[in-house]
Amino acid sequence: MAPARIAWRVATVVEVVEETPHARTLVLDVPGWPGHVAGQHVDVRLTAPDGYQAQRSYSIASGPEAPHVALTVARIDDGEVSPYLAGEVAVGDGLELRGPIGGHFTWTAADGGPLLLVAGGSGLVPLMAMLRHRAAAGSGAEARLLLSARTAPDVLYAAELAELAADPALTVTTTLTRSAPDGWGGRRGRVDAAMLDAAAPAPAAMPRTYVCGPTAFVERVADLLVARGHAAGTIHAERFGPTGG
Amino acid sequence: MAFISRGFHGRPRRDVDPSRVPPGQYVVEDFPVLSAGPTPRVPTEEWTFTIQGAVDEAVTWTWDELAALPAETFTVDIHCVTKWSKLGTSWTGVSVDTLLESVATEADFVTAYSDGDYTTNLALEDITDGRAWVVQAFEGEPLEAEHGGPARLLVPHLYFWKSAKWVRGLTLTPEDEPGFWEAAGYHNHGDPWHEQRYWGD
Ligand SMILES: Cc1cc2nc3c(=O)[nH]c(=O)nc-3n(C[C@H](O)[C@H](O)[C@H](O)COP(=O)(O)OP(=O)(O)OC[C@H]3O[C@@H](n4cnc5c(N)ncnc54)[C@H](O)[C@@H]3O)c2cc1C
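Here the structure is a predicted model, which is why all the values come from computation and not from measurement.

## Points about the overall build of chain A
Of the regular secondary structure elements, chain A holds 5 helices and 12 strands. For 245 residues, the compact-globule estimate of 2.2 N^0.38 gives 18 Å, and chain A sits close to it at 18 Å. Each of the three principal axes of chain A carries a C-alpha extent, and together these read 55 × 50 × 35 Å. Here chain A, with 245 residues, has 52% of them falling under the buried criterion. When the accessible area of chain A is evaluated, it comes to approximately 9600 Å², of which 54% is carbon and sulfur surface. The centroid of the 19 positive side-chain charges in chain A is displaced by 5 Å from the centroid of its 25 negative side-chain charges.

## Quick word on a negative patch on the surface
Residue and element names in this part refer to chain B. On the surface, a cluster of negative charge is made up of Glu45, Glu46, Asp64 and Glu65. Here Glu46 is to be found in the loop between β1 (26-27) and β2 (48-53). Judged by its relative accessible area of 56%, Glu46 falls in the exposed class.

## Focus on the pairing of strand β2 (residues 23-29) of chain A
Residues and elements named next belong to chain A. A large share of β2 lies buried, amounting to 6 of its 7 residues. Note: strand β1 (residues 9-20) against β2, 7 bridges, orientation antiparallel. Bridge pairing in β2 places Thr12 opposite Asp29. Taking the residues between adjacent antiparallel strands as the criterion, β1 and β2 are bridged by 2 residues. In this structure, β2 lies alongside strand β5 (residues 69-74), joined through 6 bridges in antiparallel fashion. Its bridge partner lying in β5, Thr25 is registered against Thr72.

## Observations regarding the environment of B:Asp97
Residue and element names in this part refer to chain B. Among the structural elements, Asp97 can be located in helix α2 (residues 96-100). Judged by relative accessible area, Asp97 falls into the partly exposed class, the value being 24%. Spatially, the C-alpha atoms of Asp97 and Trp166 are 19 Å apart, while their sequence positions differ by 69 residues. Each residue touching Asp97, except ones within four places of it in the same chain, is listed here: Ile127, Thr128, Asp129 and Gly130. A distance of 2.9 Å separates the side chain of Asp97 from the backbone nitrogen of Asp129, its partner in a polar contact.

## A closer look at the sheet that holds β2(B)
All names here are of chain B. Pairing in this open sheet of 5 strands is mixed, and the strands run β3-β2-β11-β6-β7 from one edge to the other. Two strands bound the open sheet, and with one partner strand each, they are β3 (59-62) and β7 (119-123). Going across the sheet, the axis of each strand differs from the next one's by a mean of 15 degrees, ignoring polarity. Note that strand β6 (residues 109-114) and β7 share 5 bridges and pair antiparallel. The partner of Tyr113 across the bridge, within β7, is Thr119.

## What about the layout of surface pockets?
Residues and elements named next belong to chain A. Estimates place the volume of the second largest pocket at around 170 Å³. Lining the second largest pocket are 13 residues, with Thr25, Val27, Ala70, Arg132 and Glu160 positioned closest to its centre. Looking at the lining of the second largest pocket, the elements that each hand over two or more residues are β1 and β2. The element contributing the most residues to the lining of the second largest pocket is β1, with 3 residues.

## Brief notes about the UniProt feature "domain: Oxidoreductase molybdopterin-binding" (unreviewed entry) in chain B
According to UniProt, the feature "domain: Oxidoreductase molybdopterin-binding" (unreviewed entry) maps to residues 37-181 of chain B in the numbering used here. Along residues 37-181 of chain B, the helical share is 11% and the strand share 41%, with 13 Å between the first and last C-alpha atoms.

## Digging into the environment of B:Pro43
Structurally, B:Pro43 can be placed in the loop between β1 and β2. Linking B:Pro43 and B:Pro150, residues 107 residues apart in sequence, is a C-alpha distance of 7.6 Å.

## Some remarks on the interface of chain B and chain A
Note on interface size: it is often stated as the accessible area lost on association of the parts. Each partner contributes to the interface: chain B provides 42 residues, whereas chain A provides 48 residues. Buried surface at the junction of chain B and chain A, both sides included, amounts to about 3800 Å², of which 52% is carbon and sulfur. When the buried area of chain B at its contact with chain A is split by residue, B:Phe3, B:Arg6 and B:Phe8 rank highest and sum to 19% of it. At the junction of chain B and chain A, the tally comes to 5 salt bridges. Linking B:Arg6 and A:Glu88 is a salt bridge whose minimum nitrogen-to-oxygen distance equals 3.1 Å. At the junction of chain B with chain A, the criterion picks out 15 residue pairs in polar contact (both at pLDDT 80 or more). Split into classes, the residues belonging to the side of chain B that touches chain A amount to 21 nonpolar, 10 polar and 11 charged.

Calculation rules
- The written sequence of each chain sets the order in which its residues are numbered from 1.
- Here the convention is simple: chains get letters from A, ligands get numbers from 1, in the order in which they are written.
- Where totals are concerned, whole chains, interfaces and linings use all residues; where local detail is concerned, this predicted model gives features only for residues with pLDDT of at least 70, and gives and counts side-chain atom pairs only at 80 or more.
- Only hydrogens and water are removed before side-chain values are computed, so all heavy atoms of the structure are retained for them.
- A helix here means a DSSP run of H or I that spans at least four residues, while a strand means a run of E at least two residues long, and both kinds are numbered starting from the N terminus.
- The globule rule used here is 2.2 Å times the number of residues to the 0.38 power, and the radius of gyration it is set against is calculated over C-alpha atoms.
- Three labels apply to residues, based on accessible area from a 1.4 Å probe with only protein chains included: buried if under 20% of the type maximum, exposed if over 50%, partly exposed otherwise in between.
- Note that accessible areas follow from Shrake-Rupley with a 1.4 Å probe, and for residues the cover is restricted to the protein chains shown.
- Within this scheme the basic residues Lys and Arg register as positive and the acidic residues Asp and Glu register as negative, but His and the chain ends are omitted.
- Every charge is mapped onto a representative atom, which is NZ of Lys, CZ of Arg, CG of Asp or CD of Glu.
- Here, patches come from residues exposed beyond 30% relative accessible area and free of salt bridges, joined within 9 Å for like charges and within 5 Å for nonpolar side chains (Val, Leu, Ile, Met, Phe, Trp, Tyr).
- Whenever a carboxyl oxygen of Asp or Glu lies within 4 Å of a side-chain nitrogen of Lys or Arg, that contact is scored as a salt bridge.
- DSSP bridges decide pairing: two strands pair if at least two such bridges lie between them.
- Contacts: residue pairs with any heavy atoms within 4.5 Å of one another.
- Distance and chemistry together define a polar contact, namely a pair of N or O atoms within 3.5 Å, with one atom able to donate a hydrogen and the other to accept it when in protein, and with adjacent residues in sequence counting only for side-chain atoms on both sides.
- Think of each axis as a best-fit line through the C-alpha atoms, taken over the contacting stretch in the case of a helix, with angles from 0 to 180 degrees between the N-to-C directions.
- Residues are said to line a cavity or pocket when one of their atoms sits within 4 Å of a point; the points come from a 1 Å grid over protein atoms alone, cavities being sets where a 1.4 Å probe fits but cannot get out and pockets being open sets with protein on both sides within 12 Å along at least five of seven lines.
- Grid points are joined across faces, edges and corners, and a volume is the space filled by probe spheres set on the points.
- UniProt positions are given in the numbering used here, feature names are shortened, and annotations may be inferred rather than shown by experiment.
- Buried area: the sum, over both parts, of the accessible surface (1.4 Å probe) that disappears when the two are put together.
- Each residue is assigned to one of three groups, with Ala, Val, Leu, Ile, Met, Phe, Trp, Tyr, Cys and Pro labelled nonpolar, Asp, Glu, Lys and Arg labelled charged, and all others, Gly among them, labelled polar.

This is how it looks when you write it as structure tokens:
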């Protein structure tokens, strides 16, 4: 039997959350949504009045337990799709999407830990779905999140991450690559070997590792992890462009 | 009738030939990278390419042996399932037809396998008759590791995940066996002109 086609659905925007100066979360009511696993993405399709269409992929930010599907889109100024999603779309608008898609870059509480999540910029989105799922499922899996952002205001979900980090089994380490505010107590500069030594589990702990962000970020971090002795087979990577084998 | 996105006008590229861009694709100038794990780096001295499985006898080439086979340089358009297409890319490599001359088989399918445990399945008819190559150079330069170097399969008429990076061989199989992405929800065949992206498309 041929597997069922992943249908296009028209979702309705029920809430828009301004996350940072450059990113918005669209909270969507998706009739018939079949459910998803943290780490999966959807394809969004936009259609202009003249019939012209553009499609892009967006990770699902919400955990499987959430009542709605949330996407967080970072605006790329000269981009075609992200300025529309992160600027134009308003509550009540419809949005065509299909999914969930992807079975590799996923984690469920049943997979267990330890977890090592490394995010560059909006690469945090699918990793946040994992942390939200981890909390909602009451998983005690040891988890470390290493987060790289340009500036403090660019950190997505900062308040929620601070709350989640009250769990002693979750450690969040943030590094700022461009500028840091006065009194910044976190790390500075790009993710490097020293940061991994300070914040990541030892390779012998065989952490399930998920690295997500722009291509150059993922390439660099995955190379550092392999050099540090992490088994390549434990490292899951998802590259967000530029534009995207 | 498709759903219209209020206030969306898009940024269609007028200067590209629509007959070369499959539906749902947009043209890029850069060369995006997409893979499921870290980039493997194998020195050419340690690299081999093997055709095995349902064959009379497995055959293995070293890097130098492969490089000694007749190479072709050709220009094709490539199409990634993540929606980008890159037009007019130039590659140099050995035709899969040339490699298959060394084996006898009754099989109709192959699994291409790579460093990093990646696999992808193809019908033999999709990689013969001048439709696929094992390439070692892109635009006249050695293929970079992040794009699959030292060698990748190139099957330009299918979505680019079928063009296995870091390829190390072909296993001939009598039955079609889904590979890495094919088992994870991606279409078994992957024809960009029919938008065969996911299961059931
Ligand atoms: C599986 C997957 C999941 C993704 N999830 C998310 C997500 O959750 N949130 C999110 O914001 N994006 C995500 N992306 C990226 C997203 O699909 C688009 O690539 C991004 O929104 C830019 O699209 P655009 O149409 O605005 O820009 P385009 O018109 O495609 O590109 C415009 C310019 O920006 C550059 N560019 C494009 N994307 C990037 C980038 N990511 N970083 C730097 N430069 C870029 C291009 O090279 C080009 O020069 C994901 C991508 C993939 C493959």
